[in-house]
Amino acid sequence: MIKLVNITNECFDSISFEIGEGSICKIITNSEHDKRILMDTVLALRKPLNGEVFLFNKNIYSLPERELLNIMKNIGMVWRNGGVISNLKIWENITLPVWYHKGIKPETIEDSVIEIFKQLGKDISELPEYMGKLSGTLPFHEKRLISIVRAMLMDPELMLYDSVLDGLNPDIAKKVTDITTQFHSKKIGRTSVYISSDEQSLRDIKADIVLMQYRRGLNYEDNKRV
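Here goes a summary of the coordinates provided. Starting afresh in each chain, residues are numbered from 1 along the sequence in its written order. A pLDDT threshold of at least 70 governs which residues receive local features in this predicted model, and a stricter bar of 80 or more applies before side-chain atom pairs are shown or counted, although totals over entire chains, interfaces and linings include all residues. The side-chain figures draw on all heavy atoms in the structure; neither hydrogens nor water molecules are used.

## Points about the packing of helix α6 (residues 140–153) against helix α7 (residues 170–185)
Two packed helices can be described by the angle between their axes and the distance between those axes. Each axis is a line fitted through C-alpha atoms, and for a helix only the stretch in contact is used; angles between axes span 0 to 180 degrees, taken between their N-to-C directions. The numbering of helices and of strands both runs from the N terminus, where a helix is a DSSP run of H or I of at least 4 residues and a strand a run of E of at least 2. For the pair α6 and α7, the least separation of the axes is 12 Å and the interaxial angle reads 10°. Of the possible angle classes, the one that applies to α6 and α7 is roughly parallel. Of the residues in α7, those touching α6 at L145, I148 and M152 are I172, V176, I179, T180 and F183. Should an angle lie under 35 degrees it is considered roughly parallel, over 145 roughly antiparallel, and from 65 to 115 roughly perpendicular; all remaining angles are considered oblique. Any two residues whose heavy atoms approach within 4.5 Å are treated as being in contact.

## So, α6
In this analysis, the expected span of each helix is defined as 1.5 Å times one less than the number of residues it contains. The first and last C-alpha atoms of α6 sit 20 Å apart over 14 residues, in line with the 20 Å expected at 1.5 Å per residue. When you tally the buried positions in α6, you get 12 out of 14 residues, the bulk of the element. Along α6, the residues that are buried comprise E142, K143, R144, L145, I146, S147, I148, V149, R150, A151, M152 and L153. Where the residues of α6 are buried, they touch β6 (75–78), α3 (90–102), α4 (110–119), α5 (127–131), β7 (158–162) and α7. Looking at the residues trailing α6, positive phi occurs at D155, about 50°. Exposure categories follow from relative accessible area, calculated using a 1.4 Å probe and restricted to protein chains: below 20% of the type maximum is buried, above 50% is exposed, and the middle band is partly exposed.

## With respect to the sheet that holds strand β9 (residues 209–214)
Strands are labelled as partners when DSSP assigns at least two bridges between them. Taken in spatial order, the six strands line up as β6-β7-β8-β3-β9-β10 in an open sheet, and their pairing is mixed. Two strands lie at the open edges of the sheet, namely β6 and β10 (217–221), each paired on one side alone. The mean inter-strand angle of the sheet, taken between neighbouring strand axes irrespective of direction, is 20°. Two strands pair when backbone bridges link them, and strand β3 (residues 24–28) and β9 are joined in this way by four bridges, in the parallel orientation.

Keep in mind these numbers describe shape, not what the thing actually does.
Structure below.
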């Protein structure tokens, strides 16, 4: 699903690792900066100085743009800051990607949106008014929840969670942990990767693979569902 071979960039020296299909993985970096460089490398946003990156068995830095875009459609990205478009309403932020990429009309996914927000602890009676708000006015944790809903609606094969639990209160963090774990199991072969510079924030995520940064390296921790 994800494979890095001898990657060298401004933060890492010759790192190699593989995250197999169906796995849950935690990646702990030393800093937010190092995390961002690693994520950009995996998402074909920042070409490394050396090495190769494979997603779905494709070397992403050697692909034509159209083929790369098709691969990216199979990735659900939950950004730490939400990644919302500030001048769009919440409903538009949630539904436009699935409409644009999969042709699914917004009115057909209302029940799915309600169910996800319900699991995240949102008062359903407030949803109609909430959906009409501009996304740019929301606090960071609300934007992140929107990012979760938006990514899940795409039903991707690979989910990447960028510091998804950092700074959340314990109640919301538990709900996010529960819903992302359940979502992982709903599709055979789905791979989920949680990446953060705060190891403690991911303590309740039960992972098959843990990768820890040490200086300019990234090493496997000897674990099984820890």
